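Residues per chain are reported as follows:
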Amino acid sequence: MTLSRHILESQRQAPRARGELSVLLLQLAFAGKIFSHALRRSALDGRLGPTGDRNVQGEATKQLDVFGNNTIVEAFARSELVAAIVSEELDEPREIACGERASYVLCVDPLDGSSNSDVNGVVATIFGVYRPPRENGAEASLARVRSGRDQVAAGYIMYGPSTIFVYTTGSGVHGFTLDHDIGEFLLTHPQMECPPHGPYYAANLANLQDWDAGAQEYVRHLAAGLDRTYSLRYSGALVADVHRSLLEGGIYLYPADRQHPSGKLRLAYECAPLAFVLEQAGGAASTGTSAVLDAPFESIHQRVPFAGGSRDEVAMLERFTRDRR
Ligand code: AFP
């Protein structure tokens, strides 16, 4: 089963669908193939290392951040598929010429885990496709998005030993592995289900002293292995850690800390898309107090505390947070 056939078959389940979302998803997969090819050759082609610039968040950008961003923007620049692209690497949303008739806004983190890129570690592209309410035919814009619940599709492309495209349109989560020989994503992980609990936790423990008391006690509780034994796995790429939780169970968390009082991860193009995937697979994602998908949108690069993975571990974190408020 190719990704294209899978997307077209899902489209048939929605009789009023006009096919635009299908083409949009296929265009993302196309960008993923280009990026996957470039990543495999990045050391050979001199694409590793920093650019010397900083993005709007003040983070040093890598050449691959710029390449990933340009690949996505070019894949949509002359299409009428999206009205705008919001990206971690763009200060402002990129309005797409001719996109004014489009119903969707695309939010992307082109290169999640960029600190891994120079050490041949796992990196990923995260995407959320939003359909904001359009009163009186107004143009689709992120300013009209109320929360992550306005997503109609979300997923990620993970560039590891193999390249995997994982997506949801609200009817389960499906994973496809790129067969480089034939240039197709093929269904390898149908109807992914996140185990209700699992043996892993992922967090940057260097920040532990700066978290709120609930998060600190929660992680100490997991590490002590009082209910079950938990092993620490932290890759430096949110997607890789969430993907592990999705397949084998467990939790990834990046709580607020002194340096990041609202958390480090961005709501529109990191947390909400992964929350949609996790919920669709039977897992959960929380800000520590409520569902990430219910967090109201305020600005394009807004950050939130994030915990995502198996529903038992996420519920336990919420209990610790509540008890220490
Ligand atoms: P980038 O998207 O800028 O690469 O950020 C990576 C990330 O958001 C997430 O993927 C990691 O889990 C986390 O940051 C790593 O942050 P620390 O280096 O502070 O642990």
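Computed from a prediction, not measured in an experiment: that's the story for all the values here.

1. A look at the overall build of the protein chain
Tallying secondary structure elements over the protein chain gives 7 helices and 15 strands in all. Relative to a compact globule of 325 residues, whose C-alpha radius of gyration would be 20 Å, the protein chain shows 19 Å and is just as compact. The principal-axis extents of the C-alpha atoms in the protein chain amount to approximately 55 × 50 × 40 Å. Scored against the burial criterion, the 325 residues of the protein chain give a buried share of 54%.

2. What about unusual backbone geometry?
Glycine aside, residues mostly have negative phi angles, and peptide bonds mostly take the trans form. Its identity is not glycine, yet asparagine 120 carries a phi of approximately 60 degrees, on the positive side. Within the secondary structure layout, asparagine 120 lies in the loop between β5 (104-112) and β6 (123-130). One non-glycine residue, glutamine 191, lies in the positive phi region at around 40 degrees. Note on placement: glutamine 191 falls in the loop between β10 (184-189) and β11 (200-202).

3. Regarding helix α6 (residues 267-280)
α6 sits mainly inside the fold: 12 of its 14 residues count as buried. Every buried residue of α6 is accounted for by Leu267, Ala268, Tyr269, Glu270, Cys271, Ala272, Pro273, Leu274, Ala275, Phe276, Val277 and Leu278. Just past α6, the residue glycine 282 takes up positive phi, approximately 90 degrees.

4. Quick look at the site of the ligand
In the region of the ligand, 18 residues are neighbours, and Asp112, Asn204, Tyr234, Leu238 and Tyr254 sit closest. Aspartate 109 places a polar side-chain atom, nitrogen or oxygen, 3.0 Å from an oxygen atom of the ligand. One of the side-chain N or O atoms of tyrosine 234 is found 2.6 Å from an oxygen atom in the ligand. If the ligand stood free it would expose 480 Å²; the protein chains cover 84% of that surface.

5. Description of the domain arrangement of the protein chain
Taken domain by domain, the protein chain comprises domain 1 (3-189) and domain 2 (200-323). The C-alpha-based centres of domain 1 and domain 2 are spaced at 23 Å. Facing the 45 residues of domain 1 at the interface are 32 residues of domain 2. The largest share of the area that domain 1 buries against domain 2 comes from Ile126, Arg149 and Tyr156, three residues that together contribute 20% of it. Between domain 1 and domain 2 we count 4 salt bridges in total. Across the pair arginine 266 and glutamate 59 runs a salt bridge, and its minimum N-O distance is 3.4 Å. At the junction of domain 1 and domain 2, the tally comes to 17 residue pairs in polar contact (both at pLDDT 80 or more). Contributing elements (two or more residues each) for the side of domain 1 that touches domain 2: β3 (82-87), β5, β6, β7 (151-159) and β8 (163-168).

The rules we used
Residues numbered from 1 in each chain as written. Predicted model: local features only at pLDDT ≥ 70, side-chain atom pairs only at ≥ 80, totals over all residues. Heavy atoms only, no water. Helix = DSSP H or I, 4+ residues; strand = E, 2+ residues; numbered from the N terminus. Rg over C-alpha atoms; globule rule 2.2 N^0.38 Å. Buried < 20%, exposed > 50% of the residue type's maximum accessible area, 1.4 Å probe, protein only. Near = heavy atom within 4 Å. Polar contact = N/O pair within 3.5 Å; in protein donor to acceptor, adjacent residues only side chain to side chain. Areas by Shrake-Rupley, 256 points an atom, 1.4 Å probe, with all protein chains shown as cover. Domains from an automatic or database assignment. Contact = heavy atoms within 4.5 Å. Buried area = accessible area lost by both parts, 1.4 Å probe. Salt bridge = Lys/Arg side-chain N within 4 Å of Asp/Glu carboxyl O.

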